[in-house]
Protein chains: 2
Amino acid sequence: MSKTISIAVDAMGGDNAPKEIVKGAIKAIEEIDNVKVILVGLKDKIEEELSTYQYNKERIEIVNATEIIGFDEAPAMAVKKKKDSSIVVAMKLVKSGDADAFVSAGSTGAILVAGLGYIGRIKGIERTPLAAVMPTLKGPTLLIDCGANVDARPSHLVQFAKMGSLYMENLLGVTNPKVGIVNIGAEEEKGNALVKETFPLLKECDNINFVGSCEARDIPYGEYDVIVCEAFVGNVILKLYEGLAGALLKKIKGGLMSTTLSKIGALMSKKALKNTLKDFDMAVHGGAPLLGLNGLAVKTHGSSTHVEIFNSIKQCVTFVENDTNGKIKELISKEI
Amino acid sequence: MSKTISIAVDAMGGDNAPKEIVKGAIKAIEEIDNVKVILVGLKDKIEEELSTYQYNKERIEIVNATEIIGFDEAPAMAVKKKKDSSIVVAMKLVKSGDADAFVSAGSTGAILVAGLGYIGRIKGIERTPLAAVMPTLKGPTLLIDCGANVDARPSHLVQFAKMGSLYMENLLGVTNPKVGIVNIGAEEEKGNALVKETFPLLKECDNINFVGSCEARDIPYGEYDVIVCEAFVGNVILKLYEGLAGALLKKIKGGLMSTTLSKIGALMSKKALKNTLKDFDMAVHGGAPLLGLNGLAVKTHGSSTHVEIFNSIKQCVTFVENDTNGKIKELISKEI
């Protein structure tokens, strides 16, 4: 059997904690051979949830953390004050090597601050972007940075492109991933100041497959494997993707339920429709990894259910098994 | 009968010119009492198209223009060189007062450059944003700036909010329109440098109804009437909206056609579905007006059919009838 990989999971993070988090952890040890899950949070609550399952006690550990950082708290202050919060305690486990990676559905800001503060950046990495795997008509695309640090500089975007390419190659098996930069036109001279400065730098990189500008309308069609952008723009893309898909499906459901005839029709098409739309499900590909840290922290959606938690744990295992961070270090060390 | 309003229409602009443009013009004079359409472009081509219709010859005029600006041409250079292009000739008609407004499905860049060069800005207006009316679950929302000038300053966004509010009040009859600023979190301290600087300025404005940050995921749900943002971000939103809606509908169609049972179901639900999705059709609300000019120029989608052309003409008529520009001038004059 391959080496056991330990994943610290924030049992208190997100809207469905701890119930769905614990359920996801149970699913993980049932379905992934070499994983051990460390549930971090209020011991009593976690034990209460775990008591409803039959499971291998050696593969789930509880590490007590008495505080919780809420979504409404200022991240820097919360991380500083709540030293015994599930996020901080879990990050310390990654730092000490007791955990190989960390998954949380909690506050993105707090994960970023604690990740930088406790785990720290890989030497040579200027910024640690949040990368999200988004569904498209042709399979998953990595959007990087989708929300970690706004107002990026060109050199940051270049590093994002490199780390994103490694991620897609190692985690999703994409050969020679096509890299695009979010732009408002296809030509090199289009764009804002940041894009105009970054474009030639990306063109010069010989260790990525840069294919040029990516207009937002093309993203859902999946022509790019890695899409780099500044975090404000990336966050807008990620959230609009989510919001619009949700709104359209709501509208379509409304349409299908509006007449008796359409209701019967809907019943007949339901299964086929569900199967097709599964490919467009954000939950399938796990959470958004914070890349460039001396360790791995994955942020999953605040409303994550056990499905997202399970997929995020799986994603961490693949990341560690493929030594993705080792490869990032190697690539970046060539530059410094 | 009310005063006749003359709309110059670029007969050569867009993928379906001149056929669909002429069809849209015919529909306009049939359905709008007081409109006269001036078709600008290659006279022979326009006459050839018009010859297939029976129509009131007094209400459609042709103004010859021998050149066409293509989508692939650098806008500033094209506008400078092609003085007899349909876009330049039509802009001159607006400048001279022979036309009250201009509609084009041609190059956005050329429309912007020619608009500024020939019509010019309203005194006191710092920048002329492109505003797009987007469909949401609760009706139309105005996104401003969706692509005219990247890297805006805070004072620009404040003017966008004011012009956008007037537009929604006058064109779409929205009372006290709710204004939001695109942001990556709900709180005032969130955002990039631009948003953080603009937020307090918007809060201070007493002639708009500023309600705070608007996260991209909320846009499709229609909680805001006017959404202000920098043009790079706005263009990304507009194009992603369009691309994702298209990709999802394609996916859904694929799902509905995947089994025999689902095909029959689809046939039964088709009409109801189509009726509901109509509300989400970008074409309904016309094109994107370039606000802040001493006149009106409306850009419609490059792939516009007669429907978009007709709706854009209708939109221009309402704009002129309500003296929207007069109201913008009045509002801005208070500041300078």
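K.L.:
How should I be thinking about the side chain of B:T300 in this particular structure?
P.N.:
Residues and elements named next belong to chain B. When you line up the elements, T300 lands in the loop between β11 (297–299) and α10 (306–321). You can call T300 buried: its relative accessible area is 2%. There is a polar contact of 2.8 Å between the side chain of T300 and the side chain of S304. In this structure, T300 is in contact with V103, S104, A105, G287, E308, I309 and S312, ignoring residues within four places of it in sequence.

K.L.:
What should I look at first to understand a positive patch on the surface in this one?
P.N.:
A surface patch of positive charge is lined by A:K80, A:K81, A:K83 and A:K92. Looking at where A:K80 falls in the secondary structure, it is placed in helix α3 (residues 75–81).

K.L.:
What am I meant to see in unusual backbone geometry here?
P.N.:
Trans is the common state for peptide bonds, and a negative phi is the common state for residues other than glycine. In this chain, A:I144 is followed by A:D145 through a cis amide linkage whose omega measures 5°. Note on placement: A:D145 falls in the loop between β6 (141–144) and α6 (154–172). Between B:A17 and the following residue, B:P18, the backbone shows a cis peptide bond with an omega angle of -5°. You can see B:P18 is positioned in the loop between β1 (5–10) and α1 (19–31). The phi dihedral of A:D151 is positive, around 55°, even though this residue is not glycine. Within the secondary structure layout, A:D151 lies in the loop between β6 and α6. A relative accessible area of 39% means that A:D151 is categorised as partly exposed. Despite not being glycine, A:N176 shows a phi value in the positive range, around 50°. Mapped onto the elements of the fold, A:N176 is located in the loop between α6 and β7 (178–183). For A:N176, a relative accessible area of 49% gives the class partly exposed.

Cut-off values and rules
- Residues numbered from 1 in each chain as written.
- Chains lettered and ligands numbered in written order.
- Predicted model: local features only at pLDDT ≥ 70, side-chain atom pairs only at ≥ 80, totals over all residues.
- Heavy atoms only, no water.
- Helix = DSSP H or I, 4+ residues; strand = E, 2+ residues; numbered from the N terminus.
- Buried < 20%, exposed > 50% of the residue type's maximum accessible area, 1.4 Å probe, protein only.
- Polar contact = N/O pair within 3.5 Å; in protein donor to acceptor, adjacent residues only side chain to side chain.
- Contact = heavy atoms within 4.5 Å.
- Patch = residues over 30% accessible without salt bridge, like charges linked within 9 Å, V, L, I, M, F, W, Y side chains within 5 Å.
- Areas by Shrake-Rupley, 256 points an atom, 1.4 Å probe, with all protein chains shown as cover.
- Salt bridge = Lys/Arg side-chain N within 4 Å of Asp/Glu carboxyl O.
- Lys, Arg positive; Asp, Glu negative; His and termini not counted.
- Charge placed at Lys NZ, Arg CZ, Asp CG, Glu CD.

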